[in-house]
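Listed here are the chains, written in short residue letters.
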Amino acid sequence: MDKQDDNCCQSPVEKTDQEWRAMLTPEQYEVARRKGTERAFTGEYWNNHEDGMYLCVCCGQPLFDSTTKYESGTGWPSFWKPSDAQAVDVENDNSHHMSRTEVKCSRCQAHLGHVFPDGPAPTGERYCMNSAALKFEPRDKAK
């Protein structure tokens, strides 16, 4: 396991629905707080190739390092592992007549996307995330 980021997994963030709505755009709110999904190839980061960290749009927790991002061909930002295993929570998602594994921010429980067992080595996992649930911070600005 990687060295845990100093900003990862701090105390939980809890806000009212009204507070989340006030701080997020309508799309960010729909995706992160209501488990929505943005359309493929429309999100801000699906084709981002800059060096840096992807943070939770709701609480700022570091989630994914750009060094683990890869082109999955799905139209969503895809990573083969989180920056820290404790940065995300996973749970079964049987919505929409499908069986998937939902990925959430461990700090604020924001819906991020889903993880699938068809990713590249070394993990074999594809963390298929919604751009609307992420905030990118270039490496030169990252702590």
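Refer to the preceding data block for the structure.
What you are looking at is a predicted structure, and each value in this text was computed from that prediction instead of being measured. All chains use their own residue numbering, which begins from 1 and follows the written sequence. It should be noted that, the model being predicted, local features are given only for residues of pLDDT at least 70 and side-chain atom pairs only at 80 or more, the latter also being counted only at that level, while totals for whole chains, interfaces and linings use all residues. Computation of side-chain values covers all heavy atoms of the structure but excludes hydrogens and water.

This paragraph deals with the sheet that holds strand β9 (residues 134-138). Paired strands are those between which DSSP finds at least two bridges. In this text, helices come from DSSP runs of H or I with a minimum length of four residues, and strands from runs of E with a minimum of two, each type numbered from the N-terminal end. Ordered by their spatial adjacency, three strands build an open sheet running β2-β1-β9, and the pairing between neighbours is antiparallel. Edge positions in the open sheet fall to β2 (62-65) and β9, since each of these has one partner strand only. Strand-to-strand twist in this sheet, taken as the mean axis angle between neighbours without regard to direction, amounts to 30°. For strand β1 (residues 52-56) and β9, the ladder comprises five bridges, and the chain directions are antiparallel. In the strand pairing of β9, Gly52 is matched with Pro138. Axes here mean lines fitted to C-alpha atoms, for a helix over just the part in contact, with angles spanning 0 to 180 degrees between N-to-C directions.

All right, on to the pairing of strand β6 (residues 100-105) then. Partly exposed describes any residue whose relative accessible area lies between the buried limit of under 20% and the exposed limit of over 50%, with all areas from a 1.4 Å probe on protein chains only and scaled to the type maximum. With five of its six residues buried, β6 lies for the most part within the structure. Sheet analysis places strand β5 (residues 88-93) next to β6, joined by six bridges and oriented antiparallel. The partner of Asn92 across the bridge, within β6, is Thr101. Counted along the chain from β5 to the antiparallel partner β6, the turn is six residues long, and its residue His96 has a positive phi close to 60°. The sheet contact formed by β6 and strand β7 (residues 111-116) spans four bridges and is antiparallel. Pairing of Glu102 across the sheet is with His114, part of β7. The turn joining β6 and β7, which pair antiparallel and follow one another in sequence, is formed by five residues; a positive phi near 65° is taken by Gln109.

Further remarks concern the pattern of salt bridges. The salt bridge definition used is simple: a Lys or Arg side-chain nitrogen within 4 Å of an Asp or Glu carboxyl oxygen. The full count for this structure, using the stated rule, is eight salt bridges. Salt-bridge contacts for Glu30 lead to Arg34; the nearest nitrogen and oxygen are separated by 3.2 Å. Residue Glu30 and its partner Arg34 are both found in helix α2 (residues 26-34); the two are separated by four residues, about one turn of the helix. With a relative accessible area of 36%, Glu30 lands in the partly exposed category.

Take Arg126: it is sitting in strand β8 (residues 126-129). Think of a polar contact as two N or O atoms within 3.5 Å of one another; within protein, one of them needs to be a possible hydrogen donor and the other a possible acceptor, and neighboring residues in sequence only count if both atoms come from side chains. Engagement of the side chain of Arg126 in a polar contact is seen with the side chain of Asp118, the distance being 2.8 Å. Residues count as neighbours in contact if any of their non-hydrogen atoms are within 4.5 Å of one another. Among all residues touching Arg126, those that are not within four sequence positions of it are Tyr70, Ser72, Thr74, Ser78, Phe79, His114, Val115, Phe116, Asp118 and Gly119.

Of all the residues in α2, the buried ones are Gln28, Tyr29, Val31 and Ala32. Where the residues of α2 are buried, they touch α1 (17-23) and β7. Within two residues after α2, Lys35 carries a phi angle of roughly 65°, on the positive side.

Our focus in this paragraph is the nonpolar core. Here is a general trend for soluble globular proteins: nonpolar side chains tend to be buried in one another's company. Counting residues in each nonpolar core, the largest one holds 29 residues, and the members touching the most others are Cys58, Leu63 and Cys108. Residue assignment for this core shows that the elements contributing at least two residues are α2, β1, β2, β6, β7, β8 and β9. With three residues, the top contributor of residues to this core is α2. Among all residues touching Cys58, those that are not within four sequence positions of it are Trp20, Met23, Leu24, Ala32, Arg33, Cys108 and Ala110. Nonpolar cores are built from buried Ala, Val, Leu, Ile, Met, Phe, Trp, Tyr and Cys residues. Side-chain atoms within 4.5 Å join them into one set.

A few words on the packing of aromatic side chains. Pairing of aromatic side chains requires ring centres within 6.5 Å, counting the rings of Phe and Tyr and the six-membered ring of Trp. Pairs whose planes differ by under 30 degrees are stacked, by over 60 edge-to-face, and all others tilted. Scanning the model with the defined rule gives seven aromatic pairs in all. Summarising the aromatic geometry, the rings of Phe64 and Phe79 are spaced 4.5 Å apart at their centres and angled 20° between planes, so their arrangement reads as stacked. Pair noted here: Phe64 is in strand β2 and Phe79 is in strand β4 (residues 78-79), with a separation of 15 residues, a long-range link. Phe79 carries the same exposure label as Phe64, and that label is buried. Ring pairing ties together the aromatic residues Tyr45, Tyr54, Phe64, Phe79, Tyr127 and Phe136, which thus form one cluster. Stacked on the ring of Trp20, the Lys or Arg Lys15 has its end atom at 5.8 Å from the ring centre. Note on geometry: a ring has a charge over it if NZ (lysine) or CZ (arginine) is within 6 Å of the ring centre and within 35 degrees of the ring normal. Sitting above the plane of the Trp20 ring, Arg33 keeps its charged end 4.0 Å from the centroid.

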